[in-house]
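In case you want the letters, here they are:
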Amino acid sequence: MEQSRAPSKQMIRLGVVVWVSFLWAAIATMLFFATFDPEELSQLATFPMTLDRTSGYSIGFLLFWVLLMLNGWIVTWLLQSGKPSGDALPAAEGERHE
Amino acid sequence: MSKPLQDIPVEVKLYEKSDKIYPRETKGRFQRLRVASVYALLGLYYALPWINWDGRQAVLFDLPARKFHIFFLTFWPQDFIFLTLLLILAGLSLFFFTAIAGRVWCGYACPQTVWTEAFIWMERWVEGTRAQQMKLASAPMSWEKARKRVTKQVLWISFALFTGLTFVGYFQPIRGLVVDFAQFQVGGWALFWVLFYGFATYGNAGFMREQVCKYMCPYARFQSAMFDRDTLIVAYDTKRGEPRSRGKRRKEDAESELGDCIDCGICVQVCPTGIDIRDGLQYECIACAACIDGCDEVMTKVGLPTGLIKYSTEAQDQGAHKSLLQTLLRPRVIIYATLLAVVFTGFITALVMRSSFQVDVLRDRNAFFRWAENDTIENSFQVRVMNKSQQDQSYIVTVHGLNQAQVVWAKPDLDGNSRVVPAGEIGEFTVLVQLPENAEFKRSQVIQLGFEETRGDKPETVTEETRFWGPKR
Ligand code: SF4
Ligand code: SF4
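All residue numbers refer to positions counted from 1 along the written sequence of the respective chain. As they are written, the chains are lettered A onward and the ligands numbered 1 onward, keeping that order. Where totals are concerned, whole chains, interfaces and linings use all residues; where local detail is concerned, this predicted model gives features only for residues with pLDDT of at least 70, and gives and counts side-chain atom pairs only at 80 or more. To get the side-chain values, take all heavy atoms of the structure and skip hydrogens and water.

### Focus: the overall build of chain B
Logical step 1: Note on conventions: DSSP H or I runs of at least 4 residues are helices, E runs of at least 2 residues are strands, and numbering of each starts at the N terminus. Along the backbone of chain B there are 18 helices and 16 strands.
Logical step 2: Radius of gyration here is computed from C-alpha atoms only, and the compact-globule reference equals 2.2 Å multiplied by the residue count raised to the power 0.38. The C-alpha atoms of chain B give 32 Å as radius of gyration, which overshoots the globular expectation for 473 residues (23 Å, by more than 25%).
Logical step 3: Each of the three principal axes of chain B carries a C-alpha extent, and together these read 115 × 60 × 40 Å.
Logical step 4: In this scheme, a residue with accessible area under 20% of its type's maximum is buried, one over 50% is exposed, and one in between is partly exposed, where area comes from a 1.4 Å probe on protein chains only. Among the 473 residues that make up chain B, the fraction classed as buried is 46%.
Logical step 5: Only heavy atoms enter the contact rule, under which two residues are in contact if any of them lie within 4.5 Å. When contacts within chain B are restricted to residue pairs at least 6 apart in sequence, long-range pairs at least 24 apart make up 71% of them.
Logical step 6: With an accessible surface of roughly 24,800 Å², chain B has 62% of that area assigned to carbon and sulfur atoms. Per-residue and other accessible areas follow the Shrake-Rupley method at a 1.4 Å probe size, with only the shown protein chains counted as cover for residues.

### So, the environment of Pro331 of chain B
Logical step 1: Along the polypeptide, Pro331 of chain B turns up in helix 18 (residues 331-353).
Logical step 2: Each C-alpha atom of the pair Pro331 of chain B and Ala423 of chain B lies 47 Å from the other, and the pair is 92 residues apart in sequence.

### So, the sheet that holds strand 11 (residues 393-400) of chain B
Residue and element names in this part refer to chain B.
Logical step 1: Think of it this way: DSSP has to see at least two bridges between two strands before they count as a pair. Taken together, 4 strands build an open sheet; the order of strands is 13-11-15-16 and the sheet is antiparallel. Edge positions in the open sheet fall to strand 13 (418-421) and strand 16 (461-469), since each of these has one partner strand only. Neighbour-to-neighbour, the strand axes of the sheet open up by a mean angle of 30°, direction not taken into account.
Logical step 2: In this structure, strand 15 (residues 444-453) lies alongside strand 16, joined through 9 bridges in antiparallel fashion. In the strand pairing of strand 16, Glu452 is matched with Thr461. Axes here mean lines fitted to C-alpha atoms, for a helix over just the part in contact, with angles spanning 0 to 180 degrees between N-to-C directions.

### Digging into the pattern of salt bridges
Residues and elements named next belong to chain B.
Logical step 1: Any carboxyl oxygen of Asp or Glu that lies within 4 Å of a side-chain nitrogen of Lys or Arg is treated as forming a salt bridge with it. Under the criterion given, the structure shown has 22 salt bridges over all chains.
Logical step 2: Here Arg147 ties to Glu144 by a salt bridge, and the two come within 3.3 Å at their closest N and O atoms. With Arg147 and Glu144 both in helix 7 (residues 143-168) and 3 residues apart, the pair spans about one turn of that helix.
Logical step 3: One salt-bridge network, held together by shared partners, links Glu123, Glu127, Arg149, Lys152 and Arg209.

### Focus: the site of ligand 1
Logical step 1: Residues are classed as near a molecule or strand on a simple rule: at least one heavy atom within 4 Å of it. Taken together, Arg103, Trp105, Cys106, Cys110, Gln112, Thr113, Cys213, Cys217, Tyr219 and Ala220 of chain B make up the full set of residues adjacent to ligand 1.
Logical step 2: Sorting the residues of the shell around ligand 1 by element identifies helix 4 (104-109), helix 5 (111-127) and helix 11 (218-222) of chain B as the ones contributing at least two each.

### Points about the domain arrangement of chain B
Residue and element names in this part refer to chain B.
Logical step 1: Boundaries of every domain are those given by an automatic assignment or by a domain database. Under the domain assignment used here, chain B contains domain 1 (13-50 + 102-225), domain 2 (228-321) and domain 3 (357-469).
Logical step 2: Each of domain 1 and domain 2 was reduced to a C-alpha centroid, and the two centroids are 29 Å apart.
Logical step 3: Taken residue by residue, the interface counts 26 residues in domain 1 and 28 residues in domain 2.
Logical step 4: When domain 1 packs against domain 2, close to 2,100 Å² is buried across both sides, 56% of that on carbon and sulfur atoms. The quantity reported as buried area is the accessible area (1.4 Å probe) lost by two parts once they are put together, taken as the sum for both.

### Details of the nonpolar core
Residues and elements named next belong to chain B.
Logical step 1: Ranked by internal contacts, the top residues of the largest apolar core, which has 31 residues, are Val234, Ile277, Cys291, Ile292, Ile309 and Tyr311.
Logical step 2: When contributions to this core are tallied by element, the ones reaching two or more residues are helix 4, strand 6 (233-236), helix 14 (266-270), helix 15 (290-302) and strand 7 (309-312).
Logical step 3: The biggest single contributor to this core is helix 15, with 6 residues.
Logical step 4: Both domains that furnish three or more residues to this core are identified here as domain 1 (13-50 + 102-225) and domain 2 (228-321).
Logical step 5: In contact with Cys291, other than residues within four places in its own chain, are Val234, Cys267, Val270, Ile277 and Ile309. Only buried Ala, Val, Leu, Ile, Met, Phe, Trp, Tyr and Cys residues count toward a nonpolar core, and they belong to the same one when joined by side-chain atoms within 4.5 Å.

### Some thoughts on the confidence of the model for chain B
Residue and element names in this part refer to chain B.
Logical step 1: A residue's pLDDT is the predictor's confidence in that residue, given on a scale from 0 to 100. Here chain B shows a mean pLDDT of 85. Residues at 70 or above account for 93%.
Logical step 2: Put simply, helix 1 (residues 12-15) is where chain B has its lowest mean pLDDT, 39, and helix 7 is where it has its highest, 93.
Logical step 3: Here residues 1-18 scores under 50 on pLDDT; set against residues more than four positions off or in separate chains, the count is 39 contacts.
Logical step 4: Taken over the whole predicted complex, pTM reads 0.80, whereas the ipTM for its chain interfaces reads 0.79.

### Brief notes about the sheet that holds strand 4 (residues 67-70) of chain B
All names here are of chain B.
Logical step 1: The strand order across the open sheet formed by 3 strands is 3-4-5, and the pairing between neighbours is antiparallel. Of all strands in the sheet, those with a lone pairing partner are strand 3 (59-62) and strand 5 (73-75), marking the two edges. The average undirected angle you get between the axes of adjacent strands in this sheet is 10°.

### Some thoughts on the environment of Gly241 of chain B
Residue and element names in this part refer to chain B.
Logical step 1: If you trace the backbone, Gly241 turns up in helix 12 (residues 238-241).
Logical step 2: For the pair Gly241 and Leu308, spaced 67 residues apart in sequence, the C-alpha separation works out to 6.7 Å.
Logical step 3: Leave out the neighbours within four places in its chain, and Gly241 touches Tyr236, Gly259, Asp260, Cys261 and Leu308.

### A short note on helix 9 (residues 188-208) of chain B
An α-helical turn contains 3.6 residues, so any two residues separated by three or four positions project in the same direction.
Logical step 1: Taking 1.5 Å per residue, 21 residues should reach 30 Å; helix 9 of chain B reaches 28 Å between its end C-alpha atoms and fits that length.
Logical step 2: Lining the buried residues of helix 9 of chain B we find helix 1 (9-35) and helix 3 (53-80) of chain A together with helix 5, helix 7, helix 8 (174-182) and helix 10 (210-216) of chain B.
Logical step 3: Positive backbone phi, approximately 45°, marks Arg209 of chain B, located one or two places after helix 9 of chain B. Multiplying 1.5 Å by the residue count of a helix minus one yields the expected span of that helix.

Okay, here's the thing in structure tokens:
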């Protein structure tokens, strides 16, 4: 798009990574904490830890989110950087939206 | 389905010089539908936590207590299956509705659309129409401009904060929360989530708007997989509209064969994602039908039939004539509908058959057995009885699978052979299974502990299997 409002590629990348990770983190948090009680989990920690449930859920969600974001950021970075010298990359990858 | 992007002329630039999209306001049936939908959905969102039921908040996801209250239902983590089913149902419905009606979700129900619409209303209320907004944006800073900008931000931020507060109000009783918030007494995670959700609303609905749909939303890209030739889309009638022509040229060419499109550009101006629907279906189109409303208005004004842009299907566009029924009865729709019906029936059945209580039985870990008075062999079990119903309930316990065995409630030491658990609570008890020494037994055998409700019209029973250990013979 040659529209003037089009954000830069890196901004789009950031937005996509943050948002998609957020959605998955929400789902992961639901499924994980429906199965495990953070209060009891914290008692199983290898070091002394006191964690009430509200903090447990919140930290759990943020942790999922951060991990997913890091992963997304690295994956997208690997995909867009470093073209192998030998083989030709398919043309205009990522520009096609059907 | 859509043309490759590079083939699309960048006509948008003609109308759209600044770097913000100012969707032009529309009137019409689809806009009315959207307004109704925004009121209904936002109304529901903001009102629901304030409704009380049976002396508590009707909808409360009480995370610290690990209980979800939804009117007369209370869900526990043990009801995990319902959450899973609900997620599957949501996914299937999305497939189903997308196959039939295209992106109705995007146009009328997605939180992104709904909150953006609300933010746009506030913006218009302060800064005026599209033209006024654009003028204001390009005007040099003045008192007037500053006042408008500040007013808008104050409105937006308050609304966003209230949205965040309401969000947290689903997880923590909202009446207390609002009072605390007004007195700056909210701290910790509650405050964090109020600000977080408020900020997300503000960012998504105030600033990013259509860019969320264009660049970030997985559904927007994915939906084409659920589309087929009979899916409802917003389409421009090329045959009727082209060749388009406008103004003076239109008058001069009046003799020749002109299309109905007067090239006024309204359809582009009203589009919240800034595309030109006349270039064909594009994945940016959220099917909001603003361009239909816009174009219909213009057509009426110039005395031509409406429907130059309309809800249509690819098949219809290519001249196929199908009845609504024919359109609906196609394999894809039938398959989605069947799946949906099956899972939904399962969900309801499971909900109705859900037992009103649940029991966890844990063997005492300290000893396999012990000798009790009168030469009986005794096994001790930790029992957690979860009363999932809305009434206090009392339970009796029985043992099966081992002749001559007896079972009694022990700790907490109370009289009687039943134990009471208040509504929605968990009772922790010890149960002792006793066996006379002279009875028949193996070193270890399976037994069943039965728990029975004693109150209500239809007392339920739950049976738990466990093991009974005796001495070596
Ligand atoms: S494209 Fe995505 S974010 Fe935009 S309205 Fe549709 S579902 Fe919502
Ligand atoms: S092209 Fe029309 S229906 Fe599609 S997003 Fe724009 S205004 Fe809405």
